[in-house]
Structure formats: structure tokens, C-alpha cells
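# Report on the structure
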Amino acid sequence: MHTRVAIVGGGPAGLLLSHLLHREGIESVVLESRSREELESEIRAGVLEQGTADLLQETGLGERMGRDGAVHHGINLQFGGRRERIDLRELTGKSVTLYGQHEVVKDLVARRLEDGGHLLFGAEAGSLHDLDSERPRVRFSRGGEEGELSCDFVVGADSFRGISRLSIPQRARAEYERKYPFGWFGILVEAPPATEELIYALHERGFSLVSTRSPEIQRMYFQCDPNDAADNWPDDRIWSELHARLTTDDGWSVTEGRIIQKNVVGMRSFVVEPMQYGRLFLAGDAAHIVPPTGAKGMNLAVADVRVLSEALREFYGAGRTESLARYSETCLRRVWRAERFSWWMTSMLHRFDGADAFGHRLQLAELDYVTSSRSAAASLAENYVGLPVEVSPAAGTPV
Ligand code: DHB
């Protein structure tokens, strides 16, 4: 089997890349280890930056998002008995769209299949070969049979635990990592929204977040032990924890409902440099992980493949290799800014074991500053709605 671009991993990064390449007339094959059902039911984050939502609209993927997604013009920060709103639209002219990642995945799969795309479910990539040649190969197994895909380029979009990153020789990559001593306990609830816009809350008992998926389904999270298990949290315990962290003086609290899903989300920051080796290009979680606070994960994956599809377009259209050569540099600039933002939001909003009262007072002062200074609020807001995507290398004077 031969294709131009072999894409390992059919999450948002791999599927969207395949879609964008198809629009440029560039053929690709996507190898996804999971079944279509497993892939489409994985519950992840749900905040699309303005640029992400616009890209989906502009490339013909926006129909269901336009109908079922909700555009939010602000978010709330709750701390020290107060709730303050950050007006995203007024501060940046932009907004975010609440639409679950697995819904984006469903739309992408449907569209790729409709367009006759080559999407192989249940195809487990085993090894990558000849990455430093012009004819790399991917070996995979599917339904008990071994297959091989030869191509011009391999894109590793196979998540943090995939084989792609590890196929870069150790001497050719550097990894940067920070782990956090807590996780997020996430629930999906059948209930009407208790708030029009998201609430990020800091409380002595820890962080919590009230988000939404639809008028009928709400998404909530609270800081937990990273090794906690869903079984440790019967519904009653979850509700009393959420009420304790979120109830305000005027009696507002979250609306209870049937809990239909529980999971624990790990928290880490991770970046591999560079994001390229020979003819292998990494995209999304295969190259970088952010802690969930601020919901940058999928948006970063989308930005990566936007840069990559543009570089591949230049390669196939005009034989130009400059943008491909600078792919890693272009992406990493945005990646590190998102790493900074996610780390900062995480640090400001979580309870750190062993932190003293001074540390907690500093967090409150920071939240007070961010919600009362227009400049500080604008800084949060422009990062939250998404910094502009540079599809070509950073401007500035080379040194
Ligand atoms: C959601 C997830 C996030 O990480 C976040 O910052 C906001 C919302 C969500 O799943 O809805």
C-alpha cells in the first residue's frame, strides 16, 4: 500500500489533517488503533477557541457545531466568596464555542468517509521505518494480519502513549515535563445548566469547574487525588464536594442530576523538541500535553495540523520545503505559550498540598488582580480565546 501522507492516529489531529489535505488534493491514509465506536465515545474537553471553530466552519465541518454548540462570550472566576466575570468578547472581540471533542471527532469521521477518505479503524501501528529517507514506511497490524504502508511523509498523531514520538532516536529529541500532584475528577450530568457561562473556582478544598455540553448535559470537574478512582466517589460524595466548593453566599449552587459518566483526568505538562525527525512530523498530544485548565489541548492539535497542512500544500504544489523545515519551530512557539498559560491557570486555581496560608493569599491576590485590572483580564482573555495561529515561521530578526 502506498500513499502520500501516512497519518498514525485518528484523533482530532490526524482526522483534521487528513481532511485539510484532501481539500488540497493530497491523498492520505489514517491508521487508528481503536474501533470507530470507541473513538467516537471518548469524552474529552469541550472548549473550542474562536480560531478552531472558525476553521471547522470554513472547511465545511461546522453544520452540527453551529446547531448544537454554544457560543460563550465570557467566563467566570470564583474565589474568596466572590464571582467575577471576564468578558472575553469585549476584551478581545472573540468568543469560544462549547462543543465536545468527541462531537468534533464524529463530524470529522463522517466527513472523511463521505469524501471517500482512507480511514483504517482497528489498525495498530507497530513500527516506523526509514524516516530519514524519502520513502518512509509504517508497519501495522489489523484483524490479525500484518500490513505495510509506504509514503512520502509520516505524521505521528497517535497521542502521548503512541509509538511515533518514541521512533525519534533518543539522541535527536529532548523532552520537558512537569507533573502536578493532583488530578481532575470529571462527571457528565443529566441536568439543565446552573450557570450561563463557565465557572472556574478556587476554594480551600480545591479547584472546581462548572462547564456544559448541551441544554440537557452538564460537565463538571473538581480537583482530586491523581491516583483516585471513580469507585471511591459515590454520587452523594460527589455532590457534597461540589456544593462545598461552589455554593455562594446568596445560595446559588450547582444543579444535581443523574451522573452518567465519571472519570479521573491526569495532569501533566510535556513537550518534545523538535516535533520533527526526517520525514516524521508529530502533531497534537504525541508532541505535547497541557494540563486541562484553560482547555488548550485540542486547540493546540488543531493549530499544529493547520501549520502542517499548509507546509505540505507548499511542498506538493510548488516543491517548496522551507515551511516543512520550519514546522517544529513554528509550532513550538505557540506550544510553549499555551504551556505557559495552562500552567499559570493551573497554578492560580488549585490547592497545593503543603502550601502555606501565604501561598493561598497570593492566589487570591492574583485572582483579584486578574479580575479587576483590564490589562490583566485582557491577557487572560486573549490566551483563552486563542492567540493567532502563525502558519509560517515567527517574525523577528534572526540572530
Ligand atoms: C472543559 C474542560 C476544560 O479543561 C476547561 O478548561 C473548560 C471546560 C470541558 O470539558 O467542558
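Residues numbered from 1 in each chain as written. Predicted model: local features only at pLDDT ≥ 70, side-chain atom pairs only at ≥ 80, totals over all residues. Heavy atoms only, no water.

The next thing to look at is the overall build of the protein. Looking only at helices and strands, the protein has twelve helices and 22 strands in total. Relative to its length of 399 residues, the protein is compact, with a C-alpha radius of gyration of 21 Å against a globular reference of 21 Å. Along the first, second and third principal axes, the C-alpha atoms of the protein reach 65 × 50 × 40 Å. With 399 residues in all, the protein has 53% of them scored as buried. The contacts in the protein between residues at least 6 apart in sequence include a share of 73% that link residues at least 24 apart. For the protein, the accessible surface area stands at approximately 17400 Å², while carbon and sulfur atoms represent 47% of it. If the 46 positive side-chain charges of the protein are averaged to one point and the 58 negative ones to another, these points end up 2 Å apart. (Helix = DSSP H or I, 4+ residues; strand = E, 2+ residues; numbered from the N terminus. Rg over C-alpha atoms; globule rule 2.2 N^0.38 Å. Buried < 20%, exposed > 50% of the residue type's maximum accessible area, 1.4 Å probe, protein only. Contact = heavy atoms within 4.5 Å. Areas by Shrake-Rupley, 256 points an atom, 1.4 Å probe, with all protein chains shown as cover. Lys, Arg positive; Asp, Glu negative; His and termini not counted. Charge placed at Lys NZ, Arg CZ, Asp CG, Glu CD.)

This paragraph deals with helix α12 (residues 374-385). The terminal C-alpha atoms of α12 lie 16 Å apart, and with twelve residues this matches the ideal 16 Å at 1.5 Å per residue to within 8%. For α12, the side-chain oxygen to backbone nitrogen distance between the N-cap and Ser375 is 3.3 Å, and the N-cap itself is Ser373. Looking one or two residues past α12, Gly386 carries a phi angle of roughly 110°, positive in sign. (Expected span 1.5 Å × (residues − 1). Polar contact = N/O pair within 3.5 Å; in protein donor to acceptor, adjacent residues only side chain to side chain.)

Here the domain parsing of the protein yields domain 1 (2-46 + 100-173 + 274-350) and domain 2 (179-267). A separation of 31 Å is found between the C-alpha centroids of domain 1 and domain 2. Opposite the 15 residues of domain 1 that make contact, domain 2 presents 17 residues. Taken together, the two surfaces of domain 1 and domain 2 that pack against each other cover about 1200 Å², and 71% of this comes from carbon and sulfur. Looking only at domain 1, the three residues that lose the most surface to domain 2 are Ile43, Leu349 and His350, adding up to 46% of its buried area. Where domain 1 touches domain 2, the interface holds zero salt bridges. Our count for the contact surface shared by domain 1 and domain 2 stands at two residue pairs in polar contact (both at pLDDT 80 or more). Taken together, the residues of the side of domain 1 that touches domain 2 sort by class into eight nonpolar, six polar and one charged. (Domains from an automatic or database assignment. Buried area = accessible area lost by both parts, 1.4 Å probe. Salt bridge = Lys/Arg side-chain N within 4 Å of Asp/Glu carboxyl O. Nonpolar A, V, L, I, M, F, W, Y, C, P; charged D, E, K, R; others polar.)

Let us now look at the site of the ligand. Contacts to the ligand come from 14 residues, most closely from Tyr200, Ser211, Arg213, Tyr221 and Pro292. Taking Ala295, its main chain carries an N or O atom lying 3.3 Å from an oxygen atom of the ligand. Expressed as a share of its isolated accessible area of 290 Å², the protein-covered part of the ligand is 99%. Of all the secondary-structure elements, those providing two or more residues to the shell around the ligand are β16 (208-212) and β17 (217-224). Tallied by class, residues from the shell around the ligand come to nine nonpolar, three polar and two charged. (Near = heavy atom within 4 Å.)

Assignment of secondary structure puts Arg245 in helix α7 (residues 235-246). On the accessibility criterion, Arg245 (6% relative accessible area) is buried. For Arg245 and Ser208, which are 37 residues apart along the polypeptide, the C-alpha to C-alpha distance reads 6.9 Å. Ignoring anything within four residues of it in the chain, the contact list for Arg245 reads Gln78, His203, Arg205, Gly206, Phe207, Ser208, Phe222 and Gln223. A distance of 2.8 Å separates the side chain of Arg245 from the side chain of Glu241, its partner in a polar contact.

This brings us to helix α1 (residues 12-23). Along its twelve residues, α1 runs 16 Å from first to last C-alpha, staying within 8% of the 16 Å computed at 1.5 Å per residue. Taken across its twelve residues, α1 has ten buried, putting it largely inside the fold.

What follows deals with the sheet that holds strand β10 (residues 137-142). Taken in spatial order, the three strands of this open sheet run β9-β10-β11, and their pairing is antiparallel. Each end of this open sheet is capped by a strand with a single partner; those strands are β9 (123-129) and β11 (145-150). Between one strand axis and the next, the sheet turns by 25° as a mean value, whatever way the strands run. Where β9 meets β10, six bridges bridge the pair, whose relative direction is antiparallel. Opposite Ser127, over in β10, you have Arg139 as the bridge partner. (Pairing = 2+ DSSP bridges. Axes fitted to C-alpha atoms, helices over the stretch in contact; angles between N-to-C directions.)

Turning next to the pattern of salt bridges. Applying the stated criterion across every chain yields a total of 34 salt bridges. For Glu90, the salt bridge is made with Arg374, and the minimal N-O distance between the two is 3.3 Å. Within this pair, whereas Glu90 is found in helix α5 (residues 88-92), its partner Arg374 is found in helix α12, the two being separated by 284 residues in sequence. A salt bridge links Asp130 to Arg137, with the shortest nitrogen-to-oxygen separation between them at 3.0 Å.

Between helix α3 (residues 50-58) and helix α8 (residues 297-318), whose axes approach to 9 Å, the crossing angle comes to 55°. By the angle between their axes, α3 is oblique relative to α8. For α3 against α8, the interelement crossing comes out left-handed. Of the residues in α8, those touching α3 at Gly51, Thr52 and Leu55 are Asn299, Val302 and Arg306. Considered class by class, the residues forming the contact of α3 with α8 number two nonpolar, three polar and one charged. (Parallel < 35°, antiparallel > 145°, perpendicular 65-115°, else oblique. Left-handed = near helix turned anticlockwise from the far one by under 90°.)

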